[in-house]
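Okay, here's what each chain looks like letter by letter:
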Amino acid sequence: SRKFLKSLLNGSVWKGAGIFSSDVKRLGKPLALGIMGVSASQINSALDAVFSRFADLEGPAFLWYAMRLQQAPLALFGLALSGALLPPLARAIKNGDNERFMGFLDFAFRNCVGLMLPATFGAFVLGASLVNIVYVRENFTDGTAYETLLCLWAYLPGLLPAALVVLLASASYAKGDYRNPTLASFLSVLVNLILNSIMVFYLGMGAVSVALATSASAWVNFFVLSKTLLKGDLSFSQSQKKTSLGNHFIRVGACTVCASLFTGLFSFYYWNDHSLGMLLQNIPYSFPREFIPQLMHFSSQSLCFLAVLWLSSRFLKVDVLKLH
């Protein structure tokens, strides 16, 4: 590649090239901070495995199964939004157009709320059938499914802040601020470490407490980053014609709660699904193991949730997703 480029470029381009050139030095600091920020999240994951091992011999497996389901919407939508958001944010900052910068951020936050809030509630009310259709086979016992479901429910409160942190980090990087996302990440690691120590060693709450600590640390990361980047102001709206972000959150939340309630009632009366009773009253629940019943159970619940979500959004005149 170097030989090919050398034939195309002027030889003077290569004279100043080297690992100690000014360009590499200028890149070094943000790259190092970015690596530390990423490594902080990996440290969190490693700590989760260690603490869950102390809490339960099978704890790391329960968390791994649950985390794969919890991270699916984050990987599909949260990372896609952040990847699409960074270039226009950087251009707006370069041009000194703060209003356009906030407009892009407002657009991303509204769509993130519109995707992650229904995903959070949907995964909660569909959790049993979701775990069932993905994992429950011959050697996957009801007890393992039960513990996986509890860990999934404990991870879900951290889904929305985790996605918003990705967006805020992209906005910080666009502004050339690599320090604050890194500090916020390490603070979340510290919070995760303290909460895990308390809940595992002193309260003996089991593997589910590790997932709860992860969700709490995600909220800490979000609040710290929003405070440093936006000075705590999450309104974004530059026009009085727009609904504020908080109002949008409430309206999307109302639609999501309606969809969750109807789906829960449908599941209880039609499928005799009392999986929520496991959380409220520790009632045993037997997971069906034949694929066709599993598929019908999950598909009908999903269709019910999406249909009620769409109908309630039309009734309340809410744009769950803002695509323009």
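For the structure itself, look to the data block above.
Cut-offs and rules
Residues numbered from 1 in each chain as written. Predicted model: local features only at pLDDT ≥ 70, side-chain atom pairs only at ≥ 80, totals over all residues. Heavy atoms only, no water. Core = buried A, V, L, I, M, F, W, Y, C linked by side-chain atoms within 4.5 Å. Buried < 20%, exposed > 50% of the residue type's maximum accessible area, 1.4 Å probe, protein only. Helix = DSSP H or I, 4+ residues; strand = E, 2+ residues; numbered from the N terminus. Contact = heavy atoms within 4.5 Å. Polar contact = N/O pair within 3.5 Å; in protein donor to acceptor, adjacent residues only side chain to side chain. Expected span 1.5 Å × (residues − 1). Phe/Tyr/Trp six-rings, centres within 6.5 Å; stacked < 30°, edge-to-face > 60°.

(A) Highlighting the nonpolar core. With 42 residues, the main nonpolar core has F101, L105, F109 and L167 as its most contacted residues. Elements supplying a minimum of two residues to this core: helix 4 (59–94), helix 5 (98–125), helix 8 (159–174), helix 10 (207–230), helix 11 (245–270) and helix 13 (291–315). When residues in this core are grouped by element, the largest group, eleven residues, is from helix 8. The residues contacting L167, other than those within four sequence positions of it, are L81, S82, L85, L105, A108, F109 and C112. Within the second largest apolar cluster, 29 residues are counted, among which are M67, L69, L149 and A211.

(B) A look at the environment of D48. The topology assignment puts D48 in helix 3 (residues 22–55). Apart from residues lying up to four places away in sequence, D48 is in contact with L63, M67, Y155, N192, N196, V210 and T214. A polar contact is formed between the side chain of D48 and the side chain of T214, at a distance of 2.8 Å.

(C) Quick look at helix 11. With 26 residues, helix 11 should reach 38 Å at 1.5 Å per residue; the first-to-last C-alpha distance of 37 Å fits that figure. By the burial criterion, the buried members of helix 11 are L245, H248, V252, G253, C255, T256, A259, S260, T263 and S267. On the buried face of helix 11, the contacting elements are helix 5 and helix 13. Of the residues trailing helix 11, N272 is marked for its positive phi of about 55°.

(D) A look at the packing of aromatic side chains. Under the definition given, this model contains twelve aromatic pairs. When the ring of F124 is compared with that of W153, the centres are 5.0 Å apart and the planes differ by 35°; the resulting orientation is tilted. Residue F124 is located in helix 5, and its partner W153 is located in helix 7 (residues 142–155); the two are separated by 29 residues in the primary sequence. Here F268 and Y269 contribute two aromatic rings whose centre-to-centre distance is 5.1 Å and whose plane-to-plane angle is 90°, an arrangement assigned as edge-to-face.

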